[in-house]
Amino acid sequence: MAAVPPRLVRRRSVDMQGGKLTERSHGRCIAWSDIQDACRVTDISPCVFQTPLLANAGRRLGLTAPVKRLDLKLENTQFTGSFKIRGLANQLEKMPRDVRDGMRQIVTMSGGNYGRSFAYLLCKENGLQATVVMPEFAPQHRVDLIRSYGATVESVPSSEIQPTVDRHVADDNMFFLHPFDDNNLIAGHASCGMEILDDCPDVDVVVVCCGGGGILAGVAAAVKQATLVPGLPMYGRDIQVYGVEPEGAPKMHQSLEEGRPATCFNAKSIATGLSPPMAGDLTLEYVQTFVEDIILVSDDELRSAMKALYTCGQVVEPSGAAAVASLLCNRIPDIEGKTVVAVVTGGNVSAADLAKFVA
């Protein structure tokens, strides 16, 4: 009898050990069944990898906090260089038939990583016609790469990104795939949280970057809802989840303070992937429901984290280093003696920028 791939064995053990999730209302947030369905999609997608968990990385990174253990979830090794492909795989699966059949074009907005995965999966792999609306400050190497996959790129001021997308939807009948504020995408990203629980069932704290909030929403929903499933190793435990934003683009932090999605059209951070012009309305609800707090880090702290990760053999972009940065500068509270997982979300950085940041 042929061996089942290990990732399917581990995923099945998490999904099938316990009974049904105790019914609880989480507003518009995805249910446990949505997470399981999305995991089945990412499991069979040829473009989604189960990324490794680098254990006991604290000493090599120079972590001074007295944690029991720090593990790194290496989404920088994911297909297309970031976690974004997870959500897109599930979005593709759930798209209307006329869109999947190429009868309508697709549009999105992105500062880089979502656009890269979007263009690769939809245009290069599936032959669909698509447009990516990008901010003018997006790195040129990302623009060029997205175009090389067959997508049309439109660069506009940050304040014009959403209006440009809206015009394409209204005037050109394009189908809009949201890069963060979409439940199908969030459910796909939840597969990252499920893998963390597979590989580190004793985790106490999970730290995730936050741009629009998609990956934070997905990981937090998976981790928190898993603690409600009888029979799972983490059943009944209080696993904490923190999001991390750059000080120069504190959209979700500001949204929590104001109680509504905030905009930030003048973001100033080297973490361009964490600098969309607005927080998501839907992802804000996830943060209010499942996340302990949003932590802010400076650009200098991001650079230091990139350098520390580089000494561990990891090529990481500024956005991808945010969770590690928050730990290295001791911003995450109450982690003494705890097992912590930081999600390293992306590694799409040019050689010239990497040299500049880690010098």
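Please read all numbers here as calculations on a predicted model, not as lab measurements. Numbering of residues begins from 1 in every chain and follows the order in which that chain's sequence is written. It should be noted that, the model being predicted, local features are given only for residues of pLDDT at least 70 and side-chain atom pairs only at 80 or more, the latter also being counted only at that level, while totals for whole chains, interfaces and linings use all residues. Side-chain figures throughout are based on the complete set of non-hydrogen atoms in the structure, without hydrogens or water.

When its secondary structure is counted, the protein chain shows 15 helices and ten strands. Taking 2.2 N^0.38 as the reference for a compact globule, 359 residues should give roughly 21 Å; the C-alpha atoms of the protein chain span a radius of gyration of 19 Å, in line with that estimate. Taking the principal axes of its C-alpha atoms as reference, the protein chain extends roughly 55 × 50 × 45 Å. Across the 359 residues that make up the protein chain, the buried fraction comes to 60%. Long-range contacts, defined as pairs at least 24 residues apart, comprise 75% of the intrachain contacts of the protein chain with a sequence gap of at least 6. Here a strand is any run of E in DSSP of at least two residues, a helix any run of H or I of at least four, and the numbering for each starts at the N terminus. Both definitions apply: the radius of gyration is a C-alpha atom measure, and the globule rule equals 2.2 Å times residues to the power 0.38. Any residue under 20% of the maximum accessible area for its type is buried, any over 50% is exposed, and the rest in between are partly exposed; the area is computed with a 1.4 Å probe on protein chains only. Residue contacts follow a heavy-atom distance rule, with two residues in contact if any of their heavy atoms lie within 4.5 Å.

A score from 0 to 100, pLDDT tells how confident the predictor is in each residue. The predicted model of the protein chain averages 91 in pLDDT, with 93% of residues at 70 or higher. A low-confidence stretch, residues 1-23 stays under pLDDT 50, and its non-local contacts, those more than four residues away or across chains, total 40 contacts.

Turning next to the packing of aromatic side chains. Here a Phe, Tyr or Trp ring, Trp counted by its six-membered ring, pairs with any other such ring whose centre lies within 6.5 Å, and the pair is stacked when the planes are under 30 degrees apart, edge-to-face when over 60, and tilted otherwise. Taken as a whole and assessed by the stated rule, the structure comprises five aromatic pairs. Aromatic pair Tyr-286 and Phe-290: ring centres 6.1 Å apart, planes at 45 degrees, arrangement tilted. In this pair, Tyr-286 and Phe-290 are both assigned in helix α12 (residues 281-290), four residues apart and thus about one turn of the helix distant. Members of the aromatic cluster, each reached through a chain of ring pairs, are Phe-49, Phe-79, Tyr-120 and Tyr-149.

Below, the discussion takes up the pattern of salt bridges. Throughout this description, the term salt bridge denotes a Lys or Arg side-chain nitrogen within 4 Å of a carboxyl oxygen of Asp or Glu. If you walk through the whole model with that rule in mind, you get 18 salt bridges. A salt bridge links Asp-202 to Arg-69, with the nearest nitrogen and oxygen atoms 3.5 Å apart. Here Arg-69 lies in strand β2 (residues 69-74) and Asp-202 lies in the loop between α9 (183-199) and β7 (205-209), a separation of 133 residues in the sequence. With relative accessibility at 32%, the residue Asp-202 sits in the partly exposed group. Measuring nitrogen to oxygen at the nearest pair gives 2.6 Å for the salt bridge that ties Arg-331 to Glu-301. With Arg-331 in the loop between α14 (322-328) and β10 (339-344) and Glu-301 in helix α13 (residues 299-311), this pair connects stretches of sequence that are 30 residues apart.

What follows deals with the environment of Thr-345. Note that Thr-345 resides in the loop between β10 and α15 (351-358). Assessed through its relative accessible area of 3%, Thr-345 is described here as buried. The spacing of Thr-345 and Leu-72 is 273 residues in sequence and 9.9 Å in space, taken between C-alpha atoms. When residues no more than four places from it in sequence are discounted, the contact partners of Thr-345 are Glu-75, Asn-76, Gly-81, Ser-82, Phe-83, Cys-209, Ser-319 and Gly-320.

Bringing the state of the cysteines into the picture now. Note that a disulfide, as used here, is simply two cysteine sulfur atoms within 2.5 Å. Per the stated rule, a full pass over the model turns up zero disulfides. Cys-123 forms no disulfide, and the closest cysteine sulfur to it belongs to Cys-47, at a distance of 13 Å. Not engaged in a disulfide, the cysteine Cys-209 finds its nearest cysteine sulfur in Cys-210; these two sulfurs lie 7.4 Å apart.

Attention now goes to the packing of helix α4 (residues 84-94) against α9. Axis angle and axis distance: for two packed helices, these are the angle between their axes and the distance between the axes, and together they describe the pair. Two elements in contact, α4 and α9, have axes whose closest approach is 7 Å; the angle formed by their N-to-C orientations is 135 degrees. As judged from the angle between their axes, α4 and α9 are oblique. Remark: the crossing between α4 and α9 carries right-handed chirality. Taken together, the residues of α9 that come into contact with α4 (itself represented by Lys-84, Arg-86, Gly-87, Asn-90, Gln-91 and Lys-94) are Asn-184, Leu-185, Ala-187, Gly-188, His-189, Ser-191, Cys-192 and Glu-195. Side-chain classes follow a simple rule in which Ala, Val, Leu, Ile, Met, Phe, Trp, Tyr, Cys and Pro form the nonpolar group, Asp, Glu, Lys and Arg form the charged group, and the remainder, Gly included, forms the polar group. Grouping the constituent residues of the contact of α4 with α9 by class yields three nonpolar, seven polar and four charged. Only the contacting stretch of a helix is used when fitting its axis, a line to C-alpha atoms as for every element, and angles between N-to-C directions run 0 to 180 degrees. The cut-offs work like this: below 35 degrees is roughly parallel, past 145 is roughly antiparallel, 65 to 115 is roughly perpendicular, and the gaps in between are oblique. We call a crossing left-handed when the near helix sits turned anticlockwise from the far one by less than a right angle, and right-handed when that turn is clockwise.

Attention now moves to the pairing of β10. Among the six residues that make up β10, six are buried, leaving the element largely enclosed by the rest of the structure. Neither face of β10 is left uncovered, since the one carrying Thr-339, Val-341 and Val-343 and the one carrying Val-340, Ala-342 and Val-344 both have all their residues buried. Strand pairing is defined by DSSP finding a minimum of two bridges between the two strands. Note that β7 and β10 share three bridges and pair parallel. Along β10, the bridge assignment pairs Val-206 with Val-341.

Right, let's get into the nonpolar core. Judged by nonpolar contacts, the single largest core of 114 residues is most densely connected at Leu-72 and Val-206. Sort the elements by how many residues they give to this core and helix α10 (residues 214-226) lands first, with nine residues. With residues near it in sequence (within four places) discarded, Val-206 still touches Ile-196, Val-219, Val-223, Ile-239, Gln-240, Val-241, Tyr-242, Val-341 and Val-343. To define a nonpolar core, start from buried Ala, Val, Leu, Ile, Met, Phe, Trp, Tyr and Cys residues and group those joined through side-chain atoms within 4.5 Å. Counting nine residues, the second largest nonpolar core, distinct from the first, contains Met-109, Val-133, Val-156 and Val-165.

Inspection of helix α11 (residues 251-258) places Lys-251, Met-252 and Ser-255 among the buried residues, and these make up the whole buried set. All buried residues of α11 fall inside an arc of 90 degrees around its axis, so they share one side. Packing partners of the buried residues in α11 comprise β8 (240-246), α12 and β9 (293-297). Working definition: the arc comes from the directions between the helix axis and the C-beta atoms, pointing outward to the latter.

Let's shift gears to the sheet that holds β2. Read from one edge of the open sheet, six strands run β1-β2-β10-β7-β8-β9, paired in mixed fashion. Looking along the sheet, the strands with just one partner apiece sit at the ends: β1 (53-54) and β9. When β1 meets β2, the two strands line up antiparallel, connected through two bridges. Among the inter-strand pairings, Leu-54 is bridged to a residue of β2, identified as Leu-72. Contacts between α11 and the sheet are confined to β8 and β9, with β9 contributing the most and set at about 140 degrees to the helix. Across the sheet, α13 touches β2, β8, β9 and β10, and the angle it forms with β9 is around 85 degrees.

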